[in-house]
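Below, each chain spelled out in residue letters.
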Amino acid sequence: LKDTPAAVTVINRQFLDDIAAKDVYQAEVWSVNAFPTYNPGNATTGSQNRGPNFSFFSRNYFLWYVKSDGYNTERFEFGRGPNGVLFGDGNIGGLATTMTKQARFGDKSVSVGARVDSYGGYRSTMDVNVPVNDRVALRLNLLHDRSTMWQDNSDQNRDGAHLAATFKISEKTSF
């Protein structure tokens, strides 16, 4: 990012865990000059950057029309200004994108998370990374979320599974 001619706010995995943000909406309020938008009339979600206009969220720099959850997220990036189009399908206001977790080579790792809230909701996540051999690695992320809020009929139940694979073609190239 130091050589990138753009204003970008990066919210990494450790910061997401520190602020207990579970989706892109809760993370975006920690970025600079951007806020999430939601239009219940046509169920569009997106980001308002720098004031000029609305931009859809993206995932790995491709348009993504739904709210990204944090269980399979490595980091959120919020590019501001017209240079935001350099990093995906954005517009003059910028681009908000989710970078999903990738399978990594090295040590096997397992991470389990659980949380409860004061309204009776609960959330559990699991992240398993397994290097199969020198050329293949797999990563599985699971989610079970039963969120409730102070308003009646505002429950947000979500279950998810995300599988990522990395294939090492050569020492410097992977897919």
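Residues numbered from 1 in each chain as written. Predicted model: local features only at pLDDT ≥ 70, side-chain atom pairs only at ≥ 80, totals over all residues. Heavy atoms only, no water.

Asks: Quick rundown of the sheet that holds strand β10 (residues 122–131)? Include the residues and the values.
Replies: The 4 strands are arranged β9-β10-β11-β12 in an open sheet whose pairing can be described as antiparallel. Two strands in the sheet have a free side with no partner beyond their single neighbour: β9 (109–116) and β12 (156–167). Recorded for the sheet is a direction-independent mean angle of 5° between the axes of neighbouring strands. The sheet contact formed by β10 and strand β11 (residues 136–147) spans 10 bridges and is antiparallel. The residue of β11 that forms the bridge with Val130 is Leu138. (Pairing = 2+ DSSP bridges. Helix = DSSP H or I, 4+ residues; strand = E, 2+ residues; numbered from the N terminus. Axes fitted to C-alpha atoms, helices over the stretch in contact; angles between N-to-C directions.)

Asks: I'd like a description of a nonpolar patch on the surface, backed by residues and values.
Replies: A cluster of nonpolar side chains, namely Val110, Val112, Met126, Val132, Leu138, Leu140, Leu142 and Leu163, defines an oily patch on the protein surface of about 680 Å² accessible area. If you list the elements that add at least two residues to the nonpolar patch, you get β9 and β11. With respect to the element layout, Met126 can be found in strand β10. (Patch = residues over 30% accessible without salt bridge, like charges linked within 9 Å, V, L, I, M, F, W, Y side chains within 5 Å. Areas by Shrake-Rupley, 256 points an atom, 1.4 Å probe, with all protein chains shown as cover. Salt bridge = Lys/Arg side-chain N within 4 Å of Asp/Glu carboxyl O.)

Asks: Talk me through the environment of Gly113; I want residue IDs and the actual numbers.
Replies: Mapped onto the secondary structure, Gly113 falls in strand β9. In sequence terms Gly113 and Arg123 are 10 residues apart; their C-alpha atoms lie 8.0 Å from each other. Every residue in contact with Gly113, bar those within four places of it in the chain, is listed here: Arg123, Ser124 and Thr125. (Contact = heavy atoms within 4.5 Å.)

Asks: How would you sum up the pattern of salt bridges? Please name residues and give values.
Replies: Any two side chains of opposite charge can pair, given that their charged atoms come close. Inspection of every chain in the model, using the stated rule, returns 11 salt bridges. Lys22 is the salt-bridge partner of Asp145, the closest N and O atoms lying 3.4 Å from each other. You can see Asp145 sitting in strand β11 and its partner Lys22 sitting in the loop between α1 (13–19) and α2 (24–28), a full 123 residues away along the chain. For the pair shown, Asp145 and Lys22 are each scored as buried. With a shortest N-O distance of 3.0 Å, Lys101 and Asp127 are connected by a salt bridge. With Lys101 in the loop between β8 (94–100) and β9 and Asp127 in strand β10, this residue pair connects regions lying 26 residues apart in the sequence. As far as the burial class goes, Lys101 and Asp127 line up, both buried. (Buried < 20%, exposed > 50% of the residue type's maximum accessible area, 1.4 Å probe, protein only.)

Note that every value here comes from positions in space, so none of it alone points to a role or purpose.
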